[in-house]
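A closer look at the structure
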Amino acid sequence: MLKLLFAVTTILFTIAPSTHGFDPLDPYGEMIIKWDLLQSSPGHHTVLVKIENKQEYRHVEKPGWKLSWHWVNKTVIWDMRGAETTEQGNCSAFAASETLPHCCLRRPTIVDLLPGAPFNMQVSNCCRGGVLTSMSQDRINYVSAFHMTIGSFPDDDPGEFTMPYDFDIGVPGYTCGNATSVDPTKYSTDKGRRKTQALAFSRSHLKTSDMASNSAWKLDDHPKLPKGKTIALIVLDGWGESAPDEYNCIHTAPTPTMDSLKNGRPDTWTLIKAHGTAVGLPSEDDMGNSEVGHNALGAGRIFAQGAKLCDIALASGKIFDGEGFKYVSESFEKNTLHFVGLLSDGGVHSRLDQLQLLIKGSAERGAKRIRVHILTDGRDVLDGSSVGFVETLEADLAKLRDNGVDAQIASGGGRMYVTLDRYENDWGVVKRGWDAQVLGEAPHKFKNAVEAVKTLRKEPGANDQYLPPFVIVDDAGKAVGPIVDGDAVVTFNFRADRMVMHAKALEYEDFDKFDRVRFPKIRYAGMLEYDGELKLPSRYLVSPPEIDRTSGEYLTHNGVSTFACSETVKFGHVTFFWNGNRSGYFNEKLEQYVEIPSDSGISFNVKPKMKALEIAEKARDAILSGKFDQVRVNLPNSDMVGHTGDIDATVVACEAADVAVKMILDAIEQVKGIYVVTADHGNAEDMVKRDKAGKPALDKEGKLQILTSHTLKPVPIAIGGPGLSEGVRFRKDLETPGLANVAATVMNLHGFVAPADYEPTLIEVVE
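Right, let's walk through the structure included here. (Residues numbered from 1 in each chain as written. Predicted model: local features only at pLDDT ≥ 70, side-chain atom pairs only at ≥ 80, totals over all residues. Heavy atoms only, no water.)

1. Some points on the packing of aromatic side chains
- Evaluation of the coordinates by the stated rule reveals twelve aromatic pairs.
- On the basis of an interplanar angle of 85° and a centroid distance of 5.0 Å, the ring pair of Phe 320 and Phe 325 is categorised as edge-to-face.
- Here the aromatic rings of Phe 576 and Phe 577 are separated by 4.9 Å at their centres, their planes lie at 85°, and the arrangement is edge-to-face. Accessibility assignment for this pair places Phe 576 and Phe 577 in one class, buried.
- Joined through ring pairs, the aromatic side chains of Trp 427, Trp 434, Phe 511 and Phe 514 make up one cluster.
- The aromatic ring of Phe 519 is capped on one face by Arg 516, whose charged end is 4.0 Å from the ring centroid.
- Positioned over the ring face of Tyr 327 is Arg 539, at 4.0 Å from the centre of the ring. (Phe/Tyr/Trp six-rings, centres within 6.5 Å; stacked < 30°, edge-to-face > 60°. Buried < 20%, exposed > 50% of the residue type's maximum accessible area, 1.4 Å probe, protein only. Lys NZ or Arg CZ within 6 Å of the ring centre and 35° of its normal.)

This is how it looks when you write it as structure tokens:
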């Protein structure tokens, strides 16, 4: 009998009821279902469903729906296409002689997913009877975990949400209808692939009244670790682990505190992944960044992120079918489509190939006049690479012009000087971009962008990051592409932090940060939604990952009080990104967030100590106050100064961060607490580009090629303190632990067992 809150039903499909078929290719496949109530109300109940599927192959088909999964080497491939009739609950499309799908009978229904997206969070609105959305895929243990909301909407009043007293759910049940008995050999495709509704079948009965009595957010007590210990959670931004040499600023800098956490402590110091698939990015060649890193640290699960989300949408073409693109395309007939963003293949904020696909797809769908406002990089890629990127883009636009599309680069500037400021550090950066892109005004005017970038780079001290703003003009000296009334604008960066301020200027009618001179009435969409709480921008091309049930929210519901602090440039990371792209508090009575203003108007290498001391002082005071169970900080020095390429300054930055860590750890010692010290991605541990042999690379003039970007290196994590229980050590059985494993680890140290679908904890307790 199925019982709630981690009760288990085990089904061995050795035989099937006579009225239902079974899969002859895998008649012994094992299926285990686990339920955990998350939320309950009079109208509906939301449960977490875990399905452990040990079956080798399954294929289900029913009118309006096609869903399959195929387990190969512990990976999963999903494919689902839903006809509009059943997806919207319109059952009139089915003939009277046909058996109505489950959804038309107002029974709870389960549907899912997008191709190739095992971590997808899409909600399929199947028949309004019930919804199941994929939460995560554990590819080692063959487990899929889902949210399911059960309830129904009566036809006469869609706003009334009624709840059935109890219901049956099929296992595995991924179809809008019962499986029927068929001979699989009669239903196959021309490729020999079976096309059958045969389904290994069993049903579990669940009374909804049993759900309401359970707490939605209650975490189980850890069987071996106590509650009540103050935990300092320190994130060193841009602090990776690499071979020691003179270009490893972390190695070169005096860092006695961090060294002491590592040396001779194999049980309480280890390395974890902070890039690629470990943080939801498409491949192992994708560098991590602070946004996806803090998402993973706080969420405890891996979600498809930025570039990966956009890649999926572009590869499938769905980006052009969404509401965001449809909205901007209304300007194609009579007005201009503008693209604004970072021209780079760095993959941290944007990617050139995605811009190319957007421009091509827009032209194919009716855009007649296209303008691109470029921002040169030199931070996530090599300084000087901007010329090649501009030449590539110009070649694409020339082909469009040959085909009758008026396509040009309209303006540009360096990323750190034009448009891409963040956290309201310097609105002058945004204004310089506004003047060039909207007003068509800049101190430098050129006939083409290649000439512009090459010329401006010749100025003393010039680099890609800080190129001054420029506009492209015609023979009469008139700007070729200012943004005007009726135009459409797409910001093609997928990373949020350096788009929010620009988005506010483009979208907010009530705006007082600088004089915009004029505020054109445009159709604006971001590549993604850059701020979920502010709903900014209000239109976007690709829906963001829906990150819910973060560790911070769980801990707050379980009475854990939290203090979070950083300076402006990273404050959003220990709050907004940590909390699943959500602004504000979960519970103001239990949380306090403190932002220390960053230095403005100067490059970070000028004052490389930044605000590390002030952050540490705030953390120390919070720990000693006894008011908080968790004190969480981000120390930005090694990342922000590392991005400047100034090796000497980065060494000073790393030393300052180490001093700050010591101050916090000293406070933990006084209160007999626990510390967790980790990082979000690499940067300062390798400040030069390397050749294939791993040696520092030189340019054509024999000069060292400085690396200003993040790295693919792993990051450290260390635990300790007088409050750490005896026998706690890092596990050795996790194949590739990453940032997402930290959340369960911290929950354990707070004395709780992490939710079942979180990435496994990094620690074990040895007697």
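The rest of the description comes next.
2. Details of the environment of Glu 394
- For Glu 394, the position within the fold is in helix H8 (residues 386–402).
- Separated by 56 residues in sequence, Glu 394 and Val 450 have C-alpha atoms that sit 8.1 Å apart.
- Those residues in contact with Glu 394, other than ones at most four positions away along the chain, are Arg 401, Ile 409, Asn 448, Ala 449 and Val 450. (Helix = DSSP H or I, 4+ residues; strand = E, 2+ residues; numbered from the N terminus. Contact = heavy atoms within 4.5 Å.)

3. Thoughts on the sheet that holds strand S18 (residues 488–491)
- Reading across from one edge, S16-S17-S15-S14-S13-S18-S19-S20 is the order of the eight strands in this open sheet, with mixed pairing throughout. Either end of the sheet is taken by a strand with one partner, and the two such strands are strand S16 (444–446) and strand S20 (540–542). The average angle at which neighbouring strand axes cross in this sheet is 20°, direction not considered.
- Relative to S18, strand S13 (residues 337–343) runs parallel, the two sharing four bridges. Opposite Phe 339, over in S18, you have Val 490 as the bridge partner.
- Helix H7 (residues 352–364) contacts S13, strand S14 (369–376), strand S19 (523–528) and S20 of the sheet and is inclined by roughly 170° relative to S13.
- Together, S13, S14 and strand S15 (406–414) form the strand contacts of H8, whose direction differs from that of S15 by roughly 165°. (Pairing = 2+ DSSP bridges. Axes fitted to C-alpha atoms, helices over the stretch in contact; angles between N-to-C directions.)

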